[in-house]
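Residues per chain are reported as follows:
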Amino acid sequence: MGDSRPRVVVVGGGFAGFHALRHLERRLRPEAAELVLVSPTDYFLYTPLLPEVATGALEPRHIAVSLRQALPRTRHLLGHVTTMDIPGHTVTVDVADDAMQVTADRTVPWHRLVLTPGSVTRQFDIPGLAEHAHGVKTLTEALYLRDHLLTQLDRADALPPDSAEDAERKARLTVVAVGAGYTGTEVVAQLRWWTHSIAARWARIRPGDVRWLLIDIADTVLPELGKQLGDVAMGVLRHRGVEVRLGVTVSSVTDREVTLTDGTTVPARTLIWGAGVSANPLVATLGLPLAKGRLVVDEQLRVPGVEYVWAAGDAAAVPDLTKFPDGHGDRTGGEQPVTPPTAQHAQRQGAALARNVAASLGVGQARPYRHRDLGLVADLGGRDAVARPLNVSMSGLVAKAVTRGYHLTALPATSNRLRVAADWLLDAALPPQAVQLSEIRPGDALIAAAEGTEIYRREAGRRSLGT
């Protein structure tokens, strides 16, 4: 990777990193800088559509944008950054062999460093959670969850009702989901719609036999969209038979049951975990200032006190200048408002990163990041959705059209847009699919393995042993 040009290394190919590189390719001439991306996958994943991958409405590759096709001038290094020498201007990357086993470290020097490692599913120290819960943040998790639910239907169908095995049958037909925010609500609503549509294909299962339980410690559903739309979503869920319990969460998990904090024990073989996100564990290893686990940055996305290092996206605590009375990030006293960890902000922060990094190389002028939230959308499956674009609340078919229009616009590749649109048309015209591919091993679909956080625990253990 030798090159005389200044090297810009971007860590993470999610919304912020992908859009930062896309804008850098547009702003900088090829001779101005060498662009390098370090990412564990060779695609940018449009995560808001993962629930529809889990239901089979969308083909997985259609929401995965090829990095080599979309970023033709960027060198892509497949692997995880495990350590950084900030004063020495290097990062260490664990690369994988053909069997995806870590085999070697590669040291990559940089002149400009952009930290956009994104977020991972937030977990808590709950007995059994790491061993039995499944998230919906990666293609691996979404595809496994679909196969797992089909497996439970198959095995429940083999156990006749009112038999000695009826308790096991009911447990296999019970799904507990944690998190009534944006991700959890969408996943439950869409998966419940899907299972209800296909359940009658099994000889001994009726659609109403599949029990869905959505729980959250909060006191409302979809707090991101406000109480009015949260109540609409709650009505949709309850109309479909989803049990919603608020003010409660999980206290322990086994492979047979989920115990709640109110003392209730729910026999279930499926636990979907969507209780928010936290910054990628990488940021905690850097020795840089953090705010609630996210990297502290200034209004120009620079890491304070470190030259030529920027950060953005879910892993960065970016000042929200729209919430400062004077419009500048210099409020004194009290908690500093920061932008929420949403794809909307991460995408626009990526563009701001590119502008400010390019300015450090003598192209253009750096400016503060400022973006007023445009609102959120949530697809609830079928004809139902809720949306609040530009502070206008809507639901039903109108919200559905707005939601799908937003996603098609936000997808960064025309070919992906066309494929997703075609998938939606086919899904509307044809019966839902119920094919089990069984391509993913259960251990690979656990949150830590699927989201690549195990590597940081291994690295921490290696350091503690002095190796």
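Residues numbered from 1 in each chain as written. Predicted model: local features only at pLDDT ≥ 70, side-chain atom pairs only at ≥ 80, totals over all residues. Heavy atoms only, no water.

Draft legend 1. Looking closely at the overall build of the protein chain. Secondary structure summary: the protein chain contains 13 helices and 24 strands in total. In summary, the protein chain has a C-alpha radius of gyration of 23 Å against a globular reference of 23 Å for 467 residues, a match within 12%. Projecting the C-alpha coordinates of the protein chain onto the three principal axes gives extents of approximately 75 × 55 × 45 Å. Taking all 467 residues of the protein chain together, 51% fall into the buried category. Contacts in the protein chain between residues far apart in sequence, at least 24 positions, make up 68% of those at least 6 positions apart. Carbon and sulfur atoms provide 52% of the accessible area of the protein chain, an area that totals close to 20,800 Å². Mean positive and mean negative side-chain charge positions of the protein chain (51 and 50 charges, respectively) differ by 5 Å. (Helix = DSSP H or I, 4+ residues; strand = E, 2+ residues; numbered from the N terminus. Rg over C-alpha atoms; globule rule 2.2 N^0.38 Å. Buried < 20%, exposed > 50% of the residue type's maximum accessible area, 1.4 Å probe, protein only. Contact = heavy atoms within 4.5 Å. Areas by Shrake-Rupley, 256 points an atom, 1.4 Å probe, with all protein chains shown as cover. Lys, Arg positive; Asp, Glu negative; His and termini not counted. Charge placed at Lys NZ, Arg CZ, Asp CG, Glu CD.)

Draft legend 2. Just the packing of aromatic side chains, in detail. Enumeration over the complete set of coordinates arrives at four aromatic pairs. Aromatic pair F15 and F44: ring centres 4.9 Å apart, planes at 85°, arrangement edge-to-face. On the criterion of sequence distance, the pair formed by F15 in helix 1 (residues 15–27) and F44 in strand 3 (residues 43–45) is long-range, its members being 29 residues apart. F44 carries the same exposure label as F15, and that label is buried. Three or more aromatic residues joined by ring pairs make a cluster, and in this case those are F15, F18, F44 and Y46. (Phe/Tyr/Trp six-rings, centres within 6.5 Å; stacked < 30°, edge-to-face > 60°.)

Draft legend 3. Structural view of a nonpolar patch on the surface. A contiguous nonpolar patch, built from L374, L390 and V392 and spanning about 270 Å² of accessible area, is present on the exposed surface. Secondary-structure assignment places L390 in the loop between strand 23 (385–387) and strand 24 (394–395). (Patch = residues over 30% accessible without salt bridge, like charges linked within 9 Å, V, L, I, M, F, W, Y side chains within 5 Å. Salt bridge = Lys/Arg side-chain N within 4 Å of Asp/Glu carboxyl O.)

Draft legend 4. Quick peek at the sheet that holds strand 24. The three strands lie next to each other as 22-23-24, forming an open sheet whose pairing is antiparallel. Edge strands, defined here as strands with exactly one partner in the open sheet, are strand 22 (377–379) and strand 24. Summarising the sheet, strand 23 and strand 24 pair through two bridges and their orientation is antiparallel. Pairing of V386 across the sheet is with S395, part of strand 24. In this fold helix 10 (residues 396–410) packs onto strand 22, strand 23 and strand 24, with an angle of close to 70° to the strand it touches most, strand 23. (Pairing = 2+ DSSP bridges. Axes fitted to C-alpha atoms, helices over the stretch in contact; angles between N-to-C directions.)

Draft legend 5. Layout of the nonpolar core. Counting 111 residues, the largest nonpolar core has I63, M84, L113 and L115 as the members making the most contacts within it. Setting aside chain neighbours within four positions, we find L113 in contact with V9, V11, M84, I86, V91, Y308, V309 and W310. If you look at the next biggest cluster of nonpolar residues, it comprises 18 residues, including A133, V253, V266 and I447. (Core = buried A, V, L, I, M, F, W, Y, C linked by side-chain atoms within 4.5 Å.)

Draft legend 6. Molecular detail of the environment of G247. Relative to the helices and strands, G247 is located in the loop between strand 12 (243–246) and strand 13 (250–253). G247 sits 135 residues away from G382 along the chain, and the two C-alpha atoms are 28 Å apart.

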